[in-house]
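Residues per chain, in single letters:
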Amino acid sequence: MMFIHFDLELWRATLASLGLAVLFVVSLYIWPQKYYRNHPTCVKQRMLSVLLVTLLSPCYLLLFGDRDTSLSKHHLLDWIGLKDPFSAILPLSLTLLLFSGPLYQQLYEFRAGLLSDYDSYTDVVLIRNLVVAPVAEEMVFRGCLAPLLFRPLGWTATVIILPLFFGVAHLHHGFELYRRGNPILEVLATVLIQTAFTSAFGAYSTFIFLTTGSVYGPIVCHAFCNCMGCPDLSSISQTRNPRLTWLVYVLGLVGFVILSQYILNCDNFNSLYCVL
């Protein structure tokens, strides 16, 4: 396998990244728009589209790489992060700690399974949310955009800016809500919250990717977060012991902040992004 190097000017890296993000979103709309997004037929069509884009995205990435072996000793798969699946264990453990409150609330207080929120959905929606979406989105928005943006932006700016492509790629959900007749203010509020949440997760996922040098950590954390959803703080008052539930939330958050600097540390992994 050939060695490859990425060192684009910022404007080229931005346009290349935007092009791939647009291609990802446009692929969702190549089918006749007869069904809403959770209809099994629509889900299957869109899964096929994004999987095709995901498979082609490494080829897209090759268009912008330099094959001069004197510049790099890294293969394309190294840049994308298709290595060391076990590197996902530490990031997932840290994410579980962050979700201590919701996990306690879901499993102990409400005595519900982790997938109870999906009871009303079909199996194909479950596959989309927990398998296809995490794999496709992390491969494209982390594995293929990070190599393009990392050199011109640097570590911190990549963590901040790359998730904006990820967040903006979810704006099309607002169009679908509007098309189904939802009030415009409700659509705007939903889009704003969703964009903020996806961008925040995108920053966390990007940091995991750069630190571990592997896309597997972002994938499993993405799947877990899709499983849990956004924490519902308003339901804490409905638990048997709201004070204890709040305490678990706070301890999980504090533990996450303290341990993240030790767990998500370049010294624990063999990431090429830590040595560039």
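Read on for an overview of the structure. (Residues numbered from 1 in each chain as written. Predicted model: local features only at pLDDT ≥ 70, side-chain atom pairs only at ≥ 80, totals over all residues. Heavy atoms only, no water.)

1. Description of the overall build of the protein chain
What the protein chain contains, in helices and strands, is 11 helices and zero strands. Overall, the protein chain shows an N-to-C arrangement of helices and strands of α-α-α-α-α-α-α-α-α-α-α. Split into buried and exposed, the 276 residues of the protein chain put 47% on the buried side. Taking all contacts inside the protein chain whose residues are at least 6 apart in sequence as the whole, residues at least 24 apart take part in 80%. Accessible surface for the protein chain amounts to roughly 14,000 Å². Of this, 68% is attributable to carbon and sulfur atoms. (Helix = DSSP H or I, 4+ residues; strand = E, 2+ residues; numbered from the N terminus. Buried < 20%, exposed > 50% of the residue type's maximum accessible area, 1.4 Å probe, protein only. Contact = heavy atoms within 4.5 Å. Areas by Shrake-Rupley, 256 points an atom, 1.4 Å probe, with all protein chains shown as cover.)

2. With respect to the state of the cysteines
Tallied over the full model, the rule gives one disulfide. Between the sulfur of Cys 266 and that of Cys 274 lies a disulfide, 2.0 Å long from S to S. In this structure the cystine formed by Cys 266 and Cys 274 twists about its S-S bond by roughly -70°; its chirality is therefore left-handed. Looking at Cys 221, it has no disulfide partner, and the nearest cysteine sulfur is the one in Cys 225, 6.6 Å off. By relative accessible area, Cys 221 is classed as buried at 1%. (Disulfide = S-S within 2.5 Å.)

3. A short note on the packing of aromatic side chains
Per the stated rule, a full pass over the model turns up 11 aromatic pairs. Plain terms: the ring middles of Trp 155 and Phe 207 are 5.9 Å apart, the flat faces sit at 80° to each other, and that makes the pair edge-to-face. Placement of the pair is Trp 155 in helix H7 (residues 155-168) and Phe 207 in helix H9 (residues 184-212), with a sequence separation of 52 residues. Exposure remark for Phe 207: the relative accessible area of 28% places this residue in the partly exposed category. Between Phe 209 and Tyr 273, the ring centres sit 5.4 Å apart and the planes meet at 50°, which makes this aromatic pair tilted. Of the two residues, Phe 209 is situated in helix H9 and Tyr 273 in the segment after helix H11 (242-263); the sequence distance between them amounts to 64 residues. Each member of the pair Phe 209 and Tyr 273 is classed as buried. What links up through ring pairs into an aromatic cluster is the set Phe 6, Trp 79, Phe 150, Trp 155, Phe 207, Phe 209 and Tyr 273. Just above the ring of Tyr 29 sits the side chain of Arg 46; from NZ or CZ to the centre is 4.9 Å. (Phe/Tyr/Trp six-rings, centres within 6.5 Å; stacked < 30°, edge-to-face > 60°. Lys NZ or Arg CZ within 6 Å of the ring centre and 35° of its normal.)

4. Quick notes on helix H4 (residues 89-98)
Looking only at H4, the buried set comprises Pro 91, Leu 94 and Thr 95. Relative to the axis of H4, the buried residues are bounded by an arc of 100° and lie together on one face. (Arc of directions from axis to C-beta.)

5. Considerations on the nonpolar core
Residues Phe 6, Phe 141, Leu 148 and Tyr 273 are the most contacted members of the largest nonpolar core, which totals 55 residues. The set of elements that each furnish at least two residues to this core consists of helix H1 (10-26), helix H2 (40-62), helix H3 (76-80), helix H6 (123-153), H7, H9, helix H10 (216-228) and H11. Ignoring anything within four residues of it in the chain, the contact list for Leu 148 reads Phe 6, Leu 8, Ala 13, Ala 16, Ser 17, Leu 61 and Phe 64. (Core = buried A, V, L, I, M, F, W, Y, C linked by side-chain atoms within 4.5 Å.)

6. Observations regarding the packing of H2 against H6
Remark: H2 packs on H6, axes separated minimally by 10 Å, with the N-to-C direction vectors making an angle of 20°. With respect to H6, the axis of H2 lies roughly parallel. Like other packed secondary-structure pairs, H2 and H6 cross with a definite hand, here left-handed. Packed against H2, whose contacting residues are Pro 40, Val 43, Lys 44, Met 47, Val 50, Leu 51, Thr 54, Ser 57, Pro 58 and Leu 61, the element H6 presents Val 124, Val 125, Ile 127, Arg 128, Val 132, Ala 136, Met 139, Val 140, Gly 143, Cys 144, Pro 147 and Leu 148 at the interface. (Axes fitted to C-alpha atoms, helices over the stretch in contact; angles between N-to-C directions. Parallel < 35°, antiparallel > 145°, perpendicular 65-115°, else oblique. Left-handed = near helix turned anticlockwise from the far one by under 90°.)

7. Quick word on H10
Because the α-helix completes a turn every 3.6 residues, residues three or four places apart line up on one side. Helix length check: H10 (13 residues) gives 18 Å between terminal C-alpha atoms against 18 Å at 1.5 Å per residue, within 8%. Burial analysis of H10 places 10 of its 13 residues in the buried class, which makes it a mostly covered element. Residues of H10 that are buried include every one of Gly 217, Pro 218, Ile 219, Cys 221, His 222, Ala 223, Phe 224, Cys 225, Cys 227 and Met 228, and no others. Trailing H10 by a residue or two, Gly 229 shows a phi angle of about 75°, which is positive. (Expected span 1.5 Å × (residues − 1).)

8. Thoughts on the environment of Ser 234
Counting through the fold element by element, Ser 234 comes out in the loop between H10 and H11. Assessed through its relative accessible area of 55%, Ser 234 is described here as exposed. Within polar-contact distance, the side chain of Ser 234 engages the side chain of Asp 232 at 2.5 Å. (Polar contact = N/O pair within 3.5 Å; in protein donor to acceptor, adjacent residues only side chain to side chain.)

In short, shape yes, function no, at least from these values alone.
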